[in-house]
Amino acid sequence: MTTPIPVLPAQAAARLGHYTVIDVRTPGEYASGHVPGAHNIPLGDVRTALPELRAAAARGEGLLMVCASGNRSAGACGELAAAGVPAANLTGGTTAWAEQGHPLDRPADAPRVWGMERQVRLAAGSLVLLGLAVGTRYRPARVLSAAVGGGLVLSALTNTCGMAAVLAVLPHNRPRPADLAATRTALRRR
């Protein structure tokens, strides 16, 4: 089993041509802006693409796993490590990459979609405010705010997010499916 290697955005930018960059976000998030040259393999499809990822690593190309914040890509690194495939994780993800002034590629026709973490913050905050506002007239509605608060605590303790899973299936987060077959073919041709 291999251990994921944390890579800072500046380090990744300096060696970008030496990596096979894999973005594990949803297709909608990927389309909203990704590290130049990144291939989109959503986190749930990493196992399916394992043969191509293993081959890329065997060719001596470093695998650089990327997501919005580094959390999902760390999970992907863990999956790859369990399969004996070495991978690096972009510390801070595309958020840190962009904040440090590095460019993001965006398809010209891609709609602008907020990152999943931002969508979760909006949804959770809105539900808490709704629960509090309605709770001033109908006291049992405050349970909504308590439920969201409890969900956020559970999310932090388990490092999972049920709200993100629900939001990920909304149409605006899936403007197009990930073309996993094309990505796998592109990885084989490298």
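Residues numbered from 1 in each chain as written. Predicted model: local features only at pLDDT ≥ 70, side-chain atom pairs only at ≥ 80, totals over all residues. Heavy atoms only, no water.

**A look at the nonpolar core**
For clarity, the threshold we go by: Here, nonpolar core refers to any group of buried Ala, Val, Leu, Ile, Met, Phe, Trp, Tyr and Cys residues whose side-chain atoms link them within 4.5 Å. To sort residues, take the accessible area from a 1.4 Å probe on protein chains only and compare it with the maximum for the residue type: under 20% means buried, over 50% means exposed, and anything in between is partly exposed. What counts as a helix is a DSSP run of H or I of at least four residues, what counts as a strand is a run of E of at least two, and both are numbered from the N terminus. Whether two residues are in contact is decided by their heavy atoms: any pair within 4.5 Å suffices.
Among the nonpolar cores identified, the biggest contains 19 residues, and Ile41, Leu53, Leu63, Met65 and Leu80 are the most heavily contacted of them. For this core, the secondary-structure elements that each account for two or more residues are helix 3 (50-58), strand 4 (62-66), helix 4 (71-82) and helix 9 (180-189). It is helix 3 that contributes the most residues to this core, four residues altogether. In this view, leucine 80 contacts Val46, Leu50, Leu53, Leu63, Met65, Val85 and Ala87; residues no more than four positions away in its chain are not counted. Grouped together as the second largest cluster of nonpolar side chains are 13 residues, Tyr19, Val21, Ala38 and Ala88 included.

**Some words on the side chain of histidine 34**
As a reminder of what qualifies: Two N or O atoms form a polar contact when they lie within 3.5 Å of each other; inside protein one atom must be a possible hydrogen donor and the other a possible acceptor, and for residues adjacent in sequence the pair counts only when both atoms belong to side chains.
Considering the arrangement of structural elements, one finds histidine 34 in the loop between helix 2 (27-31) and strand 3 (39-40). By relative accessible area, which is 7% here, histidine 34 ends up buried. One polar contact links the side chain of histidine 34 to the main-chain carbonyl oxygen of tyrosine 30, over a distance of 2.9 Å. When sequence neighbours within four positions are dropped, the list of residues in contact with histidine 34 reads Asp23, Arg25, Pro103, Leu104, Asp105 and Pro107.

**Some words on the pattern of salt bridges**
Quick reminder of the rule: By definition, a salt bridge exists where a carboxyl oxygen of Asp or Glu is found within 4 Å of a side-chain nitrogen of Lys or Arg.
Counted under the stated rule, the structure contains three salt bridges. Across the pair glutamate 29 and arginine 72 runs a salt bridge, and its minimum N-O distance is 2.8 Å. Here glutamate 29, found in helix 2, pairs with arginine 72, found in helix 4; they are 43 residues apart in sequence, far enough to count as distant. Owing to a relative accessible area of 1%, glutamate 29 belongs among the buried residues under this scheme. Judged by relative accessible area, which is 23%, arginine 72 ranks as partly exposed.

**Some details on the packing of aromatic side chains**
The criterion, for reference: The aromatic pairing rule takes the rings of Phe, Tyr and Trp, using the six-membered ring of Trp, and pairs them if the centres are within 6.5 Å, calling planes under 30 degrees apart stacked, those over 60 edge-to-face and the rest tilted. Here, a charge over a ring is recorded when the distance from Lys NZ or Arg CZ to the ring centre is within 6 Å and its angle to the ring normal is within 35 degrees.
Inspection of the entire model under this criterion finds zero aromatic pairs. Directly above the aromatic system of tyrosine 19 lies the positively charged group of arginine 15, at a separation of 5.6 Å from the ring centroid.

**Concerning the packing of helix 6 (residues 116-135) against helix 7 (residues 142-158)**
Our working definition: Think of each axis as a best-fit line through the C-alpha atoms, taken over the contacting stretch in the case of a helix, with angles from 0 to 180 degrees between the N-to-C directions. The labels follow the angle: roughly parallel below 35 degrees, roughly antiparallel above 145, roughly perpendicular from 65 to 115, and oblique for the rest. Each crossing gets its handedness from the near helix: less than a right angle anticlockwise from the far helix is left-handed, clockwise is right-handed. Polar here means any residue other than Ala, Val, Leu, Ile, Met, Phe, Trp, Tyr, Cys and Pro, which are nonpolar, and Asp, Glu, Lys and Arg, which are charged; Gly is therefore polar.
Where helix 6 contacts helix 7, the two axes come as close as 6 Å, and the packing angle between them is 155°. One element, helix 6, and the other, helix 7, form an angle in the roughly antiparallel class. For the element pair helix 6 and helix 7, the recorded crossing hand is left-handed. Within the contact between the two elements, helix 6 uses Ala124, Leu127, Val128, Leu130, Gly131, Leu132 and Gly135 and helix 7 uses Arg142, Leu144, Ser145, Val148 and Leu152. Of the residues belonging to the contact of helix 6 with helix 7, the class tally is eight nonpolar, three polar and one charged.

**With respect to helix 3**
Convention followed: Directions drawn from the helix axis to the C-beta atoms are what define this arc.
For helix 3, the full list of buried residues reads Leu50, Glu52, Leu53, Ala56 and Ala57. Projected down its long axis, helix 3 carries its buried residues within an arc of 165°, all on one side. Summarising the contacts, the buried residues of helix 3 are in contact with strand 2 (19-23), strand 4, helix 4 and helix 9. Directly beyond the C-terminal end of helix 3, a positive phi value near 90° is found at glycine 60.

**Quick word on the sheet that holds strand 4**
Strands pair in a sheet through their backbones, by hydrogen bonds, and they do so in one of two ways: parallel or antiparallel. Heads up, the rule is: Two strands are counted as paired when DSSP detects at least two bridges linking them.
Pairing is parallel across the open sheet formed by five strands, whose spatial order is 1-5-4-2-3. The outermost strands of the open sheet, each flanked by one partner alone, are strand 1 (5-7) and strand 3. Here two bridges tie strand 4 to strand 5 (residues 88-90), and the two strands are oriented parallel to one another. Its bridge partner lying in strand 5, methionine 65 is registered against asparagine 89. This element, helix 4, spans strand 4 and strand 5 of the sheet and lies at about 140° to strand 4.

**Some thoughts on unusual backbone geometry**
The phi angle at asparagine 159 is positive, at roughly 55°, despite the residue not being glycine. Taking relative accessible area as the criterion, asparagine 159 reaches 61% and is therefore assigned exposed.

Interpretation in functional terms is not warranted from these geometric data alone.
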